[in-house]
Amino acid sequence: MSYLCKDTLKTIKKNTVETRIDKELDLLNQLSYPFIDRRVSDRRVSDRRKANLKKITILIPCYNEEKGIGKVIDDVPCEKLAHLGYQTEIIVINNNSTDNTIKIAYEKGYKVVSEKKQGKGNAIRAGFKSVSNDTDYVVMLDGDNTYKAKEIPRFIEPLENDFCDIIVGSRLEGKLNGDSLSFSHRVANWFFTFLTRRLYLVNTTDICTGYFAWKKEVIDELAPHIKSDGFGIEAEMITKMARLGFKIFSVPITYDKREGNSKLSPYLDGLKIIWILLKNITWRPKGKVNKTFNLSWRFKNYPDTIKKHNLDLET
Ligand SMILES: Nc1nc2c(ncn2[C@@H]2O[C@H](COP(=O)(O)OP(=O)(O)O)[C@@H](O)[C@H]2O)c(=O)[nH]1
Ligand SMILES: [Mg+2]
């Protein structure tokens, strides 16, 4: 009798496990078609709702990046992300490109947002506006194939675990391949980062990076405060995100030599960054007063040594 019971139990257990695995395989099969196709469609959205997937929107600002954009897009691990439970949308933000950038993005089936006002800052602001409300995480990286889109699953992990609100990709603490970042750029970046850590108590180790990930609600709060047209945008975002009291942390990333020509003017953009770092020391979101603001307090404490580095913003 007891033998029979055990046997029956084993059969029931086996059937239940098999049914569950079958169901999961079915789900993955349903999902894999639209992700191989990689087009954003209503069907994919409804699949996502059905399967309760989270959504990642990837923003790629591009100005004449025909040499890199195809590689960046192909490198996005859509299928791996789908298996991890994410739907992926890619948005290329174009700014008057005169080469084949848009053609390549369209051919691959992705959404292109065109912003007439030139500059990376203008492009990113246009990109923020085009992020849909059902997005959970927003990732941004350059279209020149310097940052590695295949690192996205590892990159967003601290957001998923609720460790922080914003991830800043760190090249200085990550892997700099070949001569991807010149000595002078490294020194300048180190200096800007040092200033930012001291003045804003931000736990970041590379403030000139172009690789970011945010929770969607951060974008909603941050976007109205961003004004930069050009390359000051990264410094502006980091300083204002700090002032808004979000939790910011770095994740080491790989940085390769860029495809095509850089649009950065090292001296002019370097001066702009210093100006933004100094100007935003006193910046506060309108209607909010920071009672803990005190310069000596900032210089005494270093981000590594303080437990809670969010500023208390009170209305
Ligand atoms: N849409 C748009 N993208 C830009 C503009 N300027 C630069 N970018 C993009 O921003 C990213 C960073 O620019 P890049 O020249 O690589 O600067 P670097 O990474 O600091 O050397 C690249 O993907 C560029 O194509 C612009 O005016 N408009
Ligand atoms: Mg670049």
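All residue numbers here refer to positions counted from 1 along the written sequence of the relevant chain. As they are written, the chains are lettered A onward and the ligands numbered 1 onward, keeping that order. Predicted model: local features are reported for residues with pLDDT of at least 70 only, side-chain atom pairs are reported and counted for 80 or more only, and whole-chain, interface and lining totals are derived from all residues.

**What about the overall build of the chain?**
Thinking step 1. Helix and strand definitions follow DSSP, with helices as H or I runs of at least four residues and strands as E runs of at least two, each counted in order from the N terminus. A count of helical and extended segments in the chain gives 13 helices and nine strands.
Thinking step 2. This entry defines residue contacts through backbone-placed C-beta atoms, with two residues in contact when those atoms are within 7 Å. Of the contacts made within the chain by residues no fewer than 6 positions apart, 77% connect residues no fewer than 24 positions apart.

**Notes on the environment of I58**
Thinking step 1. Summarising the element assignment, I58 is placed in strand 1 (residues 54-62).
Thinking step 2. Along the chain, I58 and V76 lie 18 residues apart, while their C-alpha atoms are 9.0 Å from each other.
Thinking step 3. With near-sequence residues (within four places) excluded, I58 lies in contact with V76, T88, E89, I90, I91 and V139.

**Side note on the site of ligand 1**
Thinking step 1. Residues in close proximity to ligand 1 total 19 residues, the closest being Y63, N95, A123, D142 and K263.
Thinking step 2. If you list the elements that add at least two residues to the shell around ligand 1, you get strand 1, strand 2 (86-94) and helix 6 (120-129).
Thinking step 3. Broken down by class, the residue content of the shell around ligand 1 amounts to six nonpolar, seven polar and six charged. Put plainly, near means the residue's C-beta atom, positioned from the backbone, lies within 6 Å of the molecule or strand in question. Residues are sorted three ways: Asp, Glu, Lys and Arg are charged, Ala, Val, Leu, Ile, Met, Phe, Trp, Tyr, Cys and Pro are nonpolar, and all the rest, Gly among them, are polar.

**Focus on the nonpolar core**
Thinking step 1. As used throughout, a nonpolar core is a set of buried Ala, Val, Leu, Ile, Met, Phe, Trp, Tyr and Cys residues joined through C-beta atoms within 7 Å of each other. Burial is judged by counting other C-beta atoms within 10 Å of a residue's own C-beta: 20 or more means buried, 12 or fewer means exposed, and anything between counts as partly exposed, with every C-beta placed from the backbone. Counting 67 residues, the largest nonpolar core has I60, V92, V139, I156, I167 and A213 as its most contacted members.
Thinking step 2. Per element, the largest residue contribution to this core is six residues, and it comes from helix 11 (residues 233-243).
Thinking step 3. When sequence neighbours within four positions are dropped, the list of residues in contact with I167 reads F155, I156, P158, L159, F212, A213, F249 and V251.

**Regarding the packing of helix 11 against helix 12 (residues 266-279)**
Thinking step 1. It is the contact of helix 11 with helix 12, at a shortest axis distance of 9 Å, that shows an interaxial angle of 15°. Judged by the angle between their axes, helix 11 and helix 12 are roughly parallel. Here the hand of the crossing between helix 11 and helix 12 comes out right-handed. Contact with helix 11, carried on its side by A235, E236 and T239, involves I273, I276 and L277 of helix 12 and no other residues of that element.
Thinking step 2. Residues of the contact of helix 11 with helix 12, tallied by class, amount to four nonpolar, one polar and one charged. Comment: axis = line fitted to C-alpha atoms, over the contacting stretch for helices; angle = value between 0 and 180 degrees taken between N-to-C directions. Here the angle decides the label: under 35 degrees means roughly parallel, over 145 means roughly antiparallel, 65 to 115 means roughly perpendicular, and every other value means oblique. In this scheme the crossing of two helices becomes right-handed for a clockwise turn of the near helix relative to the far one and left-handed for an anticlockwise turn of less than a right angle.

**So, the confidence of the model for the chain**
If pLDDT is low for a region, its predicted coordinates should not be looked at in detail.
Thinking step 1. A residue's pLDDT is the predictor's confidence in that residue, given on a scale from 0 to 100. Residues with a pLDDT of 70 or more make up 75% of the chain, whose mean pLDDT is 83.
Thinking step 2. Scored below 50 in pLDDT, residues 17-22 shows zero contacts in the model against residues more than four places distant or in partner chains.
Thinking step 3. Under a pLDDT of 50 for its full length, residues 289-315 has, in the predicted model, 34 contacts with residues more than four places off or in other chains.

**Some points on helix 6**
Since one α-helical turn is 3.6 residues long, residues separated by three or four positions face the same way.
Thinking step 1. Among the 10 residues in helix 6, eight count as buried, and that is most of the element.
Thinking step 2. Residues K120, G121, A123, I124, R125, A126, G127 and F128 constitute the buried set of helix 6.
Thinking step 3. Packed against the buried residues of helix 6 are strand 1, strand 2, strand 3 (111-114), strand 4 (137-140), helix 10 (216-222) and helix 11.

**Describing the packing of helix 9 (residues 183-200) against helix 12**
Thinking step 1. Contact geometry for helix 9 and helix 12: axes closest at 11 Å, N-to-C directions at 5°. Looking at the two axes, helix 9 sits roughly parallel to helix 12. Across from A188, F192, L195, T196 and L199 in helix 9, the residues of helix 12 making contact are G270, I273 and L277.
Thinking step 2. Partitioned by chemical class, the residues of the contact of helix 9 with helix 12 number six nonpolar, two polar and no charged.

**Let's talk about unusual backbone geometry**
Thinking step 1. Its identity as a non-glycine residue notwithstanding, N96 has a phi of 55°, on the positive side.
Thinking step 2. Relative to the elements of secondary structure, N96 occurs in the loop between strand 2 and helix 5 (101-107).

**Digging into helix 11**
Thinking step 1. Burial analysis of helix 11 places 11 of its 11 residues in the buried class, the great majority of the element.
Thinking step 2. Those residues of helix 11 not exposed but buried are I233, E234, A235, E236, M237, I238, T239, K240, M241, A242 and R243.
Thinking step 3. Positive phi shows up at G245, right after helix 11, with a value of about 85°.

**Focus on the pairing of strand 5 (residues 166-176)**
Thinking step 1. Within strand 5, eight of the 11 residues are buried, which leaves it mostly tucked inside the rest of the structure.
Thinking step 2. Here, a strand pair is defined by DSSP locating no fewer than two bridges between the strands. Note that strand 5 and strand 6 (residues 212-215) share three bridges and pair antiparallel. Residue I167 lies in a different strand from strand 6, and its bridge partner there is A213.
Thinking step 3. Examined bridge by bridge, strand 5 and strand 7 (residues 248-255) share seven bridges and lie parallel to one another. Looking at the pairing, I167 lines up with F249 of strand 7.

**Some thoughts on the environment of G119**
Thinking step 1. Relative to the assigned elements, G119 resides in the loop between strand 3 and helix 6.
Thinking step 2. Judged by C-beta crowding, with 19 C-beta atoms within 10 Å, G119 ranks as partly exposed.
Thinking step 3. Taking C-alpha positions, G119 is 8.6 Å from Y63, a pair spaced 56 residues apart along the chain.
Thinking step 4. Residues contacting G119, with those up to four places away along its chain left out, are D229 and G230.

**Concerning the sheet that holds strand 4**
In a beta sheet, neighbouring strands pair by backbone hydrogen bonds and run either parallel or antiparallel.
Thinking step 1. The mixed open sheet is built from seven strands, whose spatial order is 3-2-1-4-6-5-7. Both edges of this open sheet fall to strand 3 and strand 7, since each of them pairs with a single strand only. Within this sheet the neighbouring strands show an average axis-to-axis angle of 25°, counted without direction.
Thinking step 2. With four bridges connecting them, strand 1 and strand 4 associate as parallel partners. Across the sheet, the residue bridging to I56 is Y137, located in strand 4.
Thinking step 3. Helix-sheet contacts for helix 6 involve strand 1, strand 2, strand 3 and strand 4, and the interaxial angle to strand 1 is about 155°.

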